[in-house]
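What the coordinates show
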Amino acid sequence: QVQLVESGGGLVQPGGSLRLSCAASGSIFRVNAMGWYRQAPGKQRELVATITSDGTPNYADSVKGRFTISKDNAKNAVYLQMTSLEPEDTAVYYCNFKAGRTWYDYWGQGTQVTVSS
């Protein structure tokens, strides 16, 4: 079974940067979109950024101008460059692939990002 494997989370000071990576462990047919979501303690999971198969990005208002999503089709991978991090960005970050005719959801296991001094 194909899995999404994330890396790059950790502890960073406010104003710092982190780069998250996510790659599929095998091939996924017809990936329509890739994205990142996050869930903070006591809150619902929310969309952070997505990127379509043609490379069109979409961002939550709270991260516009600070986060950049990118992908590597050859590696079946998606990345999230996060800059000017704020304590409010603290959450578990999950990568997501939507694939196939039904836009089936694949999810990663999550990686913790903590922004604190």
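That block above? That's the structure.
Presented here is an overview of the structure given in this document. (Residues numbered from 1 in each chain as written. Predicted model: local features only at pLDDT ≥ 70, side-chain atom pairs only at ≥ 80, totals over all residues. Heavy atoms only, no water.)

A word on the pattern of salt bridges. Opposite charge on two side chains permits them to pair, given that their charged atoms come into close proximity. A full pass over the atoms with the stated rule returns six salt bridges. Between Arg-38 and Glu-46 there is a salt bridge, with its nearest N and O atoms 2.7 Å apart. Here Arg-38 falls in the buried class, since its relative accessible area comes to 6%. Exposure remark for Glu-46: the relative accessible area of 37% places this residue in the partly exposed category. (Salt bridge = Lys/Arg side-chain N within 4 Å of Asp/Glu carboxyl O. Buried < 20%, exposed > 50% of the residue type's maximum accessible area, 1.4 Å probe, protein only.)

Attention now goes to the side chain of Asp-89. As for its placement among the helices and strands, Asp-89 is situated in the loop between strand 8 (77–82) and strand 9 (91–99). Judged by its relative accessible area of 1%, Asp-89 is buried. (Helix = DSSP H or I, 4+ residues; strand = E, 2+ residues; numbered from the N terminus.)

Before going further, it helps to spend a moment on the nonpolar core. One finds Trp-36, Val-78, Leu-80, Met-82, Tyr-93 and Phe-97 to be the most contacted residues of the largest nonpolar core, which totals 29 residues. A per-element tally of this core places strand 9 first, with five residues. Sequence-distant contacts of Phe-97, that is, excluding residues within four places in its chain, are made with Leu-4, Cys-22, Ala-24, Ile-28, Val-31, Ala-33, Met-34, Asn-76, Val-78, Tyr-104, Asp-105 and Tyr-106. (Core = buried A, V, L, I, M, F, W, Y, C linked by side-chain atoms within 4.5 Å. Contact = heavy atoms within 4.5 Å.)

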